[in-house]
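Spelled out, the chains give:
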Amino acid sequence: MDWKKTSQVSAAVALALGVQGNVLAQDFDSQTWRFGLEEIEGSVQYEWATRFGDKIEDLSDGAITVQVFPYGQLGGLTDIYEQVQDGDIQLGFGSGFLGGTVPESQIMSLHFIWSDSEEVNNEVLNSDAFLKSDALIDSYRDRNLHPIAMVPEGWQVLSANEEKRTPADWEDVRIRVMDNRLLNAQWEAYGADPTAIEYGELYSALQLGIVDAAVQPVFAHQEMGFYEVQEYLINAFHLPFLAGVMSNADWYDGLSDAEIGIIEEARLELVDEVHQVQQEFNEGRLDDMLYDIEYVELTPEEQNAFRELQEPLRDTVYVDMTGERGEQLMNIVLEGVEAAE
Ligand code: 6CS
């Protein structure tokens, strides 16, 4: 089935299902969709996937079950992506590490192109202009993947053992980053020494001093225990943590219109629902950590010193690496943010 055709019918089917779900329930064969996560139970990705599963099960009148595999159960991060590409699992999350597989997806790692408003970022990333753009879809489909949804998980907050407020403070600091070329280049531009380390190995890398700093959304600093081996959380508001939900492309092409319709219906409901969940997680868990760690926010002037070092890299690194598609995605974000603000 051609994805362009199916994405056009999906909205109509979703509407029909909302009104007469039982009538169309006969359209669903009994089946299980396997869904690999980059995060553990209790995370934002776990919330998204389990809520998605509940909705799919309801909308298919119990015919379809979504089996969720939290981080660690299917191997490392790139193992998850490969299993989606190979069709061993149907669905998976992909964030920073996905840059090696889908270079254009490093749009999710580009510092300082986002709105200060998390609502605006959520709206732009889940707009048809971005999510249904040829640039995004073709980028994933070239690697036998299909993008389903974008999930902002809250601001990425730096952790370190000293209060660091200026680029000079980051000179030669060994910071752990997710494995993609753009993140490396951006941290080098601040003067730091970035190192890629698997998510599950980060705690011991910080504890043993293999790296001195890291960057994660607040909820992850808490649930992975990173705050126990760091002194400061520093919010530079440089980048929301962004993750994409993707499926195997061949599998997606074999779905019926009704199946695509319920995926779209569930996705649309989750845009606001999970946005609220992530805000609650990030606010609540920050409070839980404050007895043990100091939290600071950079002023707009301090943020600007970092921003200025990044702007040239949009073209010299991201567009240089990803060509016309990358440029289109970046412009959709920049224009979408401007329009929404
Ligand atoms: O830093 C990482 O590798 C992981 N962090 C989070 C919050 N989600 C997935 C990602 O792979």
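The rules behind the values
Residue numbers here run from 1 along each chain, matching the order of that chain's written sequence. The predicted nature of this model means local features are confined to residues of pLDDT at least 70 and side-chain atom pairs, given and counted, to a pLDDT of 80 or more, with totals for whole chains, interfaces and linings taken over all residues. Neither water nor hydrogens contribute to the side-chain values; these are computed over all heavy atoms in the structure. Patches here: salt-bridge-free residues with over 30% relative accessible area, like charges joined within 9 Å, nonpolar side chains (Val, Leu, Ile, Met, Phe, Trp, Tyr) joined within 5 Å. In these tables, accessible area is a Shrake-Rupley quantity obtained with a 1.4 Å probe, and a residue counts as shielded only by the protein chains included in the view. Note on definitions: salt bridges are taken to be side-chain nitrogens of Lys or Arg within 4 Å of carboxyl oxygens of Asp or Glu. Residues scored as charged are limited to Lys and Arg (positive) and Asp and Glu (negative), so that His and the chain ends carry no count. The atoms used to mark charge sites are NZ of Lys, CZ of Arg, CG of Asp and CD of Glu. Think of it in three bands: with a 1.4 Å probe and only protein chains considered, a residue is buried below 20% of the maximum accessible area for its type, exposed above 50%, and partly exposed in between. Any two rings among Phe, Tyr and Trp, with Trp reduced to its six-membered ring, count as a pair given centres within 6.5 Å; such a pair is stacked if its planes are under 30 degrees apart, edge-to-face if over 60, and tilted if neither. In this description a helix means any DSSP run of H or I spanning at least four residues, a strand means any run of E spanning at least two, and both kinds are numbered starting from the N terminus. We count a charge as sitting over a ring when the NZ of a lysine or the CZ of an arginine lies within 6 Å of the ring centre and within 35 degrees of the ring normal. Definition of nonpolar core: a set of buried residues of the types Ala, Val, Leu, Ile, Met, Phe, Trp, Tyr and Cys, connected through side-chain atoms within 4.5 Å. Residue ranges assigned to each domain were obtained from an automatic or database domain assignment. In this description, contact between two residues means that some pair of their heavy atoms is separated by no more than 4.5 Å. The quantity reported as buried area is the accessible area (1.4 Å probe) lost by two parts once they are put together, taken as the sum for both. Each polar contact in these results corresponds to two N or O atoms within 3.5 Å; when the atoms are within protein, one needs to be able to donate a hydrogen and the other to accept it, and residues that are neighboring in sequence are counted only if both atoms are side-chain atoms. The convention used is that axes are lines fitted to C-alpha atoms, helices contributing only their stretch in contact, and that angles between N-to-C directions extend from 0 to 180 degrees. By convention, the crossing between two helices is left-handed when the near helix turns anticlockwise from the far helix through less than a right angle, and right-handed when the turn is clockwise. Under this grouping Gly is polar, as are all residues other than the nonpolar Ala, Val, Leu, Ile, Met, Phe, Trp, Tyr, Cys and Pro and the charged Asp, Glu, Lys and Arg. When at least one non-hydrogen atom of a residue lies within 4 Å of a molecule or strand, that residue is treated as near it.

Where like charges cluster on the molecular surface, the negative patch consists of Asp54, Glu57, Asp58 and Asp61. Given a relative accessible area of 63%, Asp58 falls into the exposed group.

Throughout the structure, instances matching the rule amount to twelve aromatic pairs. Plain terms: the ring middles of Trp48 and Phe93 are 6.0 Å apart, the flat faces sit at 85° to each other, and that makes the pair edge-to-face. One end of the pair, Trp48, is in helix α2 (residues 44-59); the other, Phe93, is in strand β3 (residues 91-94), with 45 residues separating them in the sequence. As far as burial versus exposure is concerned, Trp48 and Phe93 are alike and both buried. Clustering of aromatic rings is evident, with ring pairs tying together Phe35, Trp48, Phe52 and Phe93. In this arrangement the basic side chain of Lys164 is found over the ring face of Trp170, its NZ or CZ atom lying 5.6 Å from the centre.

This next bit is on the nonpolar core. Counting 105 residues, the largest nonpolar core has Trp33, Phe35, Trp48, Phe52, Ile107 and Trp170 as its most contacted members. No other element matches the ten residues that helix α12 (residues 300-340) contributes to this core. Here this core spans two domains, and each of domain 1 (30-153 + 241-260) and domain 2 (157-239 + 284-340) adds at least three residues to it. Setting aside anything within four residues of it in sequence, one finds Trp48 in contact with Phe35, Phe93, Ala149, Val151, Val245, Leu270 and Val274.

What the rule picks out here adds up to 16 salt bridges. In this structure, Glu269 engages Lys55 in a salt bridge whose closest nitrogen and oxygen atoms are separated by 2.8 Å. In this pair, Glu269 is assigned in helix α11 (residues 257-289) and Lys55 in helix α2, connecting sequence segments 214 residues apart. Look at Glu269 and you get partly exposed, because its relative accessible area is 35%. The buried category is assigned to Lys55, whose relative accessible area is 15%. Overlapping salt bridges bring together Glu47, Arg51, Lys55, Glu269 and Glu273 as one network.

With that settled, consider the domain arrangement of the protein. For an interface, size is often stated in terms of accessible area lost upon the parts coming together. Domain parsing of the protein yields domain 1 (30-153 + 241-260) and domain 2 (157-239 + 284-340). Placing the centre of domain 1 and that of domain 2 at their C-alpha centroids yields a distance of 22 Å. Contacts between domain 1 and domain 2 engage 42 residues on the former and 42 residues on the latter. Where domain 1 abuts domain 2, roughly 3,600 Å² becomes buried across the two surfaces, and 68% of that area is made up of carbon and sulfur atoms. A per-residue breakdown of the area domain 1 buries against domain 2 is headed by Phe97, His111 and Phe112, which together make up 24% of the total. Remark: the boundary between domain 1 and domain 2 carries two salt bridges. Close ionic contact of Asp142 with Arg325 constitutes a salt bridge, the shortest N to O distance being 2.9 Å. The tally of links from domain 1 across to domain 2 stands at 16 residue pairs in polar contact (both at pLDDT 80 or more). Of all the elements in the fold, those that place two or more residues in the side of domain 1 that touches domain 2 are α4 (118-125), α5 (128-131) and α6 (134-141).

Now for the packing of α2 against α11. Packing of α2 against α11 leaves a shortest axis separation of 9 Å and a crossing angle of 145°. Between α2 and α11 lies a crossing of right-handed hand. Across the interface between the two elements, Val44, Glu47, Trp48, Arg51, Phe52, Lys55, Ile56 and Leu59 from α2 touch Ile262, Ile263, Glu265, Ala266, Glu269, Leu270, Glu273, Val274, Val277, Gln278 and Phe281 from α11. The class makeup of the residues in the contact of α2 with α11 is twelve nonpolar, one polar and six charged.

Okay, the site of the ligand next. As a structural note, the neighbourhood of the ligand is formed by Glu38, Glu39, Leu77, Ser95, Arg176, Met178, Tyr199, Gln216, Pro217, Ala220 and Phe241. Here Glu39 contributes a side-chain N or O atom positioned 2.7 Å from a nitrogen atom of the ligand. Gln216 places a side-chain nitrogen or oxygen 2.8 Å from an oxygen atom of the ligand. For the ligand, the protein covers 100% of the area, taking 290 Å² as the surface of the free molecule. Taken together, the residues of the shell around the ligand sort by class into six nonpolar, two polar and three charged. Residue assignment places the shell around the ligand across two domains, with domain 1 (30-153 + 241-260) and domain 2 (157-239 + 284-340) each supplying three or more.

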